[in-house]
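Examination of the molecular architecture
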Amino acid sequence: MHTIPIWAQAGFWGFVAGAALLIGAAAGYFLKVPQRLIAAVMAFGSGVLISALSFELMDEAYRQGGFDATAYGFLGGAAVYTAANWYLNHRGAKHRKRSGDQQPSEAEDQGSGLAIAVGALLDGIPESIVIGLSMLKGGVVSTVAVAAIFLSNVPEGLSSAAGMKKAGRSPAYVFGIWGGIALASGIASLLGYTVFQNFSSEVVAATTAVAAGAILAMLVDTMIPEAFAVAHDFAGLITVAGFLAAFALSRAGH
């Protein structure tokens, strides 16, 4: 018998996964982390997420809703993310995951601060909804999903905060963004559970696939370019190591 309501557990696990952004941001802002190390961790996190969306999200979506719901959701999620990302990129958020000098300051590109904040939120919400959706089956969270999102969020916060600092962003701005997104992650996970608990398995499957498509598009558009730009000699190998780590977690969970 659950002593804590399942919706509250969903919110908690979403917040835990999102809090990794704050941990990464603190390391990126206050420590002088070498760019090659940031890129290596980013590549590892990318491999972890690719594995999780392959074996946890897409596999589960296909089992629940069949190929059509999964395919439409997957392509739809990628299309919506790409359109939103394209719009934000043209408002100054293009380099929000970069740890170098690529991010514009507010003086260089007015409104870029808000665009970067919205872009970071766009990147984090699909992952968080997945955590809530994973609890629809028996009220038990997918530890693989939480671990994968946590592991990928640390380098995301680390790289982005390092770039924000170089662009002259204040600590209040940096930690306001990541603290807000950690809270939003908890809320998105809670909504993923409460909103979809009465929907059919096909709708849940399509929604899971939408999140998977958005996550894969986000990886290719924002995380992998940063990893490859700095650690290109070893980016592929490190990404494979991340994929294998998450695959091992996934198999252990079964």
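Residues numbered from 1 in each chain as written. Predicted model: local features only at pLDDT ≥ 70, side-chain atom pairs only at ≥ 80, totals over all residues. Heavy atoms only, no water.

Topic: the overall build of the protein chain
Quick note on the threshold: Comment: elements are numbered from the N terminus, with helices defined as DSSP H or I runs of at least four residues and strands as E runs of at least two. The globule rule is 2.2 Å times the number of residues to the power 0.38, and the radius of gyration it is compared with is taken over C-alpha atoms. Remark: exposure states derive from per-residue accessible area (1.4 Å probe, protein chains only) relative to the maximum for the residue type, with buried under 20%, exposed over 50%, and partly exposed in between. Residue contacts are defined here by distance: any two heavy atoms, one from each residue, within 4.5 Å place the two residues in contact. Under the counting rule used here, the positive set is Lys and Arg, the negative set is Asp and Glu, and His together with the chain ends is not counted. By convention, the charge on Lys lies at NZ, on Arg at CZ, on Asp at CG and on Glu at CD.
Along the protein chain, the regular secondary structure elements total seven helices and zero strands. The C-alpha atoms of the protein chain give 17 Å as radius of gyration, which agrees with the globular expectation for 254 residues (18 Å, within 12%). Taking the principal axes of its C-alpha atoms as reference, the protein chain extends roughly 50 × 35 × 35 Å. Buried residues in the protein chain amount to 50% of all 254 residues. Restricting the contact set of the protein chain to residue pairs at least 6 apart, pairs at least 24 apart contribute 85%. Across the protein chain, the 13 positively charged side chains and the 15 negatively charged ones have centroids separated by 6 Å.

A word on the nonpolar core
Stated formally: In these notes, a set of buried Ala, Val, Leu, Ile, Met, Phe, Trp, Tyr and Cys residues joined through side-chain atoms within 4.5 Å is what counts as a nonpolar core.
In terms of nonpolar packing, the biggest core is built from 29 residues, with Leu49, Leu53, Leu57, Ile131, Ile215 and Leu219 touching the most fellow members. At the level of elements, helix 1 (6-30), helix 2 (35-93), helix 3 (112-134), helix 4 (143-166) and helix 6 (201-231) are the ones that each hand at least two residues to this core. The greatest single-element share of this core, amounting to eleven residues, is contributed by helix 6. Within the second largest apolar cluster, twelve residues are counted, among which are Ile116, Ala161, Tyr173 and Ile181.

Remarks on the pattern of salt bridges
In plain terms, the rule: Here, a salt bridge means any side-chain nitrogen of Lys or Arg that lies within 4 Å of a carboxyl oxygen of Asp or Glu.
A complete count under the given rule lists two salt bridges for this structure. Note that Arg63 and Glu60 form a salt bridge whose closest N and O atoms lie 2.7 Å from each other. A residue pair is termed a helical-turn pair when its members lie 3 or 4 positions apart in one helix, as Arg63 and Glu60 do in helix 2 at three residues. Residue Arg63 is classed as exposed on the basis of its relative accessible area of 53%. Given a relative accessible area of 15%, Glu60 falls into the buried group. Among the ionic contacts, a cluster of salt bridges with common partners joins Asp59, Glu60 and Arg63.

Thoughts on a nonpolar patch on the surface
For the record, the criterion: Each patch is built from salt-bridge-free residues with over 30% relative accessible area, joining like charges within 9 Å and nonpolar side chains (Val, Leu, Ile, Met, Phe, Trp, Tyr) within 5 Å. Reported accessibility uses the Shrake-Rupley method at a 1.4 Å probe radius. Residues are deemed covered only where the shown protein chains occlude them.
There is a patch of nonpolar side chains on the surface, built from Ile187, Leu191, Val195, Phe199 and Val203 and spanning about 410 Å² of accessible area. It is helix 5 (residues 171-196) that contributes the most residues to the nonpolar patch, three residues altogether.

A closer look at the environment of Gly119
Relative to the helices and strands, Gly119 resides in helix 3. Between the alpha carbons of Gly119 and Ala241 there is a distance of 28 Å; along the sequence they are 122 residues apart.

Observations regarding the packing of helix 4 against helix 5
Packed helix pairs are specified by the crossing angle of their axes together with the interaxial distance, meaning the distance between the axes. Counted only if it meets this: Every axis corresponds to a line fitted to the C-alpha atoms, with the helix fit spanning only the stretch in contact, and the corresponding angles, defined between N-to-C directions, vary from 0 to 180 degrees. Note that the term roughly parallel is reserved for angles under 35 degrees, roughly antiparallel for angles over 145, roughly perpendicular for angles of 65 to 115, and oblique for everything else. Here is the rule for handedness: rotate from the far helix to the near one, and if that takes an anticlockwise turn smaller than a right angle the crossing is left-handed, while a clockwise turn gives right-handed.
Contact pair helix 4 / helix 5: the axes reach a minimum separation of 10 Å and the direction vectors enclose 155°. Overall, the two elements helix 4 and helix 5 adopt an arrangement that is roughly antiparallel. The crossing of helix 4 and helix 5 is right-handed. Together, Gly157, Ser160, Ala161 and Met164 of helix 4 and Tyr173, Val174, Ile177 and Trp178 of helix 5 make up the contact between the two elements.

Concerning the UniProt feature "transmembrane region" (unreviewed entry) in the protein chain
Put simply, the rule reads: UniProt positions are given in the numbering used here, feature names are shortened, and annotations may be inferred rather than shown by experiment.
The positions UniProt marks with the feature "transmembrane region" (unreviewed entry) are residues 6-30, 37-57, 69-88, 129-152, 172-196, 203-224 and 230-249. Taken as a whole, residues 69-88 contains 100% helix and 0% strand, while its terminal C-alpha atoms sit 28 Å from one another. With 67% helix and 0% strand, residues 129-152 has end C-alpha atoms that lie 16 Å from one another.

Examining the packing of aromatic side chains
This is how it is decided: Two aromatic rings from Phe, Tyr or Trp, using only the six-membered ring of Trp, form a pair when their centres are within 6.5 Å; if the ring planes differ by under 30 degrees the pair is stacked, by over 60 it is edge-to-face, and anything between is tilted. Two thresholds decide whether a charge sits over a ring: the Lys NZ or Arg CZ must be within 6 Å of the ring centre and within 35 degrees of the ring normal.
One pass over the full model with this rule turns up seven aromatic pairs. With a centroid separation of 5.7 Å and an interplanar angle of 70°, the aromatic rings of Tyr29 and Phe175 are classed as edge-to-face. Residue Tyr29 is located in helix 1, and its partner Phe175 is located in helix 5; the two are separated by 146 residues in the primary sequence. What makes Tyr29 buried here is its relative accessible area of 8%. Members of the aromatic cluster, each reached through a chain of ring pairs, are Tyr29, Phe30 and Phe175. Above the plane of the ring of Tyr29 lies Lys165, whose end atom (NZ or CZ) is 5.2 Å from the centre. Above the plane of the ring of Tyr173 lies Arg169, whose end atom (NZ or CZ) is 5.2 Å from the centre.

Considering the environment of Ala231
Along the chain, Ala231 falls in helix 6. For the pair Ala231 and Val195, spaced 36 residues apart in the sequence, the C-alpha separation amounts to 41 Å. With near-sequence residues (within four places) excluded, Ala231 lies in contact with Arg36, Ala39 and Ala40.

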